[in-house]
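Residue strings, one per chain:
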Amino acid sequence: MLAIKSLSKSFGGIVVADNIDLEMRAGRILGLIGPNGAGKTSLFNLVSGLYPAHAGSITLDGQSLDGLALHQRARLGLARTWQHVRLFPSLSVIDNLIIGARHYPAESLVKLLFRPSLIGSAAKTIEAKAQDILARIGIPHSADKSVGDLPYGQQKLVGVARALMNDARCLLLDEPMAGVEGQAYEAMQRIVREVAASGVAVCVVEHNIAFIRDLCDEAVFMFQGRILARGSIAELIANPELTELYFGH
Amino acid sequence: MDYVYSITILISLFVILASSFNLIIGYGGLISIAHPIFYGLGAYASALLARDLGVPVPLSILSGAVFAMLLSVAMALPALRISGDYLLIASIGFQLGMIELIKNLRFTGGASGVSGIPAFLVPTFGREVYVALVIAVALGVVLLVRWIAHSDYGRAISAMRDDEQAFAALGRDAKWIKVSIFALGSAIAGLAGALYAHYFRFVTSEQFEILMSSTILTMVVVGGLKTPWGPVIGAILLQILPQAITFLNLPPVVLGPLQGLLFTGLVLIFMFLRPGGLVRAGSTWRAAGSGHGGA
């Protein structure tokens, strides 16, 4: 479980997180909704370690993440995706996944130079896992393609697949459905459900309310860096004050 | 024949320098202009260890490479803790500062340099053997860089170069990868310097000035960034062309500027007409043996 307590952050006069308390539970899908600029992506950036928080604490299964860098949090089992995908354009689809393994074997030049055989055997296992994940998301035949050659919806799926390589305990999905439709939409829903069912705490930032409604166990509404409400998506939508804040009418 | 040997050794040394610089700037995406000083530090360290302390030359050559590597880590680590951009600033300061230090220290011979450096292999086996050694080292360095670039580690380097934040968010430590690449590239430059010192047997700080980094960069850019063989072609071309011009028997007042113009002109021509260099890198990284060009 990921627990956020009294988390605060501002950039100059702009408050992106104002004393936030939030829990993301194992096996549950939490939706994070709110208008643009509410602080949803900023919250992901704070949790994943992209920005340091001014105050507050974050724990993952009781282990403090405070003061840890982006890569250190990922190594503890915190995975995320990005609103604009951010795949590696110089790598093929399969290589984008392989690089996402939590314990990537070839990160040490010393190990490469003096113990290359260790890397080779571990890399084969990781590649097999990457192939398996590609099959799960429905694009097994695109493994050797350049990621830039994939339709945008499939790129989004590859972004999620890359995060899945982490075997994370907590998965943060930043607008996974933006620009996704058709088969990719269905595949994304299925994958997110499967991941949560395996015991991972999933949090989804999404403007596609239908997606949140169909998928999430509950949702929180953010506005100006604060959490205003938590409940089922039906409850949140039924609240006229929140609807006005979200849609502006 | 000595002239041919000297030119062959210089070409091979520049192949080593261009290939190791390609590892740093091409594959690693790290901007540094301090490559000449690591070349110089290797040369000075090996020369002084062998001449003044009586260290056996093979060991002093290796020590030269290790010395360059250690100083490169000391320089890069604080800069890369903050951002890759700071490496350029740090490298300028380091290059200029170390040259001044070498010029002003007594044990480095000051501005007069170090002479009487012990020769290696040549007195016993002849110049041909030393030439063969340097060519073998150059080939070894090119193959090493190629192997790294197309290994699983090379995949990580490519991803890091593409998007450092997304790379770190996957649990990869970009800082150590950058420091490692920089240290290895600098160690190889130091090795080249040591090999230079024990053949020509005289080193002076003027041989490792900041201008040399533009020469090495031109070799990499003209040959082809992010390709194993591009810097080889660039180094051969840009070592032979200035030498060829000398056979035109032009007056020195024309020859000097002409050689300068040659480098500048080639960079401009390649920037506009063939920015990828003579050997173009593939757009997608491929593992060794996959039959595709590397990224």
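The shown structure was predicted, so the numbers you read here are calculated from the model rather than taken from an experiment.

Quick look at the overall build of chain B now. Secondary structure assignment for chain B yields 12 helices and two strands. Of the regular secondary structure in chain B, the N- to C-terminal order runs α-α-α-α-β-α-α-α-α-α-β-α-α-α. In terms of overall dimensions, chain B is globule-like: its C-alpha atoms have a radius of gyration of 19 Å, near the 19 Å expected for 295 residues. C-alpha extents for chain B along the principal axes are approximately 55 × 45 × 35 Å. When each of the 295 residues of chain B is scored for burial, the buried share is 51%.

Turning our eyes to something else, we now look at the packing of helix α7 (residues 152-162) of chain B against helix α9 (residues 174-200) of chain B. All names here are of chain B. Relative orientation of the contacting elements α7 and α9 amounts to 115°, with a least axis distance of 11 Å. Of the possible angle classes, the one that applies to α7 and α9 is roughly perpendicular. Seen from above, α7 lies across α9 with left-handed handedness. Facing A156, I157 and M160 of α7, the residues of α9 in contact are A174, I177 and I181. Of the residues that constitute the contact of α7 with α9, the class distribution is six nonpolar, no polar and no charged.

Take the environment of Y39 of chain B next. Residues and elements named next belong to chain B. Counting through the fold element by element, Y39 comes out in helix α2 (residues 35-52). Placed 26 residues apart in sequence, Y39 and A65 show a C-alpha to C-alpha distance of 8.7 Å. Residue contacts for Y39: discarding those within four places in its chain leaves L17, A189, G190, A192, G193 and F208.

Right, let's talk about the confidence of the model for chain B for a bit. Residues and elements named next belong to chain B. Mean pLDDT over chain B works out to 91, with 97% of the residues at or above the 70 mark. The least confident element of chain B is helix α12 (residues 252-273), whose mean pLDDT is 83; the most confident is α2, at 97. When the criterion is pLDDT under 50, residues 291-295 qualifies, and its contacts beyond four places in sequence or with other chains add up to 20 contacts. Across the whole predicted complex the pTM is 0.91, and at the interface the ipTM reaches 0.94.

What follows is about the interface of chain A and chain B. Facing 29 residues of chain A, the contacting portion of chain B comprises 25 residues. Of all the secondary structure elements, the ones that give two or more residues to the side of chain A that touches chain B are α2 (70-75), α3 (93-98), α4 (109-114) and α5 (116-136) of chain A. Among the elements that take part in the side of chain A that touches chain B, α2 of chain A stands out by supplying four residues, more than any other. Split by residue class, the side of chain A that touches chain B holds 16 nonpolar, seven polar and six charged.

All right, on to the sheet that holds strand β10 (residues 226-231) of chain A then. Residue and element names in this part refer to chain A. A sheet is described by the order of its strands in space; here six strands give the open sequence β6-β7-β8-β3-β9-β10, paired in mixed fashion. Of all strands in the sheet, those with a lone pairing partner are β6 (78-80) and β10, marking the two edges. For this sheet, the mean inter-axis angle between neighbouring strands, taken without regard to orientation, is 20°.

What follows covers helix α6 (residues 127-149) of chain B. Its 23 residues give α6 of chain B an end-to-end C-alpha distance of 33 Å, which sits within 8% of 33 Å, the value for a rise of 1.5 Å per residue. Every buried residue belonging to α6 of chain B is among V134, A138, V141, V142, V145, I148 and A149 of chain B, and all of these are buried. Looking at the buried positions of α6 of chain B, the neighbouring elements they touch are α4 of chain A together with α1 (2-27), α7, α9 and α11 (230-246) of chain B.

Each value, and the rule that gives it
Residues numbered from 1 in each chain as written. Chains lettered and ligands numbered in written order. Predicted model: local features only at pLDDT ≥ 70, side-chain atom pairs only at ≥ 80, totals over all residues. Helix = DSSP H or I, 4+ residues; strand = E, 2+ residues; numbered from the N terminus. Rg over C-alpha atoms; globule rule 2.2 N^0.38 Å. Buried ≥ 20, exposed ≤ 12 C-beta atoms within 10 Å, placed from the backbone. Axes fitted to C-alpha atoms, helices over the stretch in contact; angles between N-to-C directions. Parallel < 35°, antiparallel > 145°, perpendicular 65-115°, else oblique. Left-handed = near helix turned anticlockwise from the far one by under 90°. Contact = placed C-beta atoms within 7 Å. Nonpolar A, V, L, I, M, F, W, Y, C, P; charged D, E, K, R; others polar. pLDDT = per-residue confidence, 0-100. Pairing = 2+ DSSP bridges. Expected span 1.5 Å × (residues − 1).

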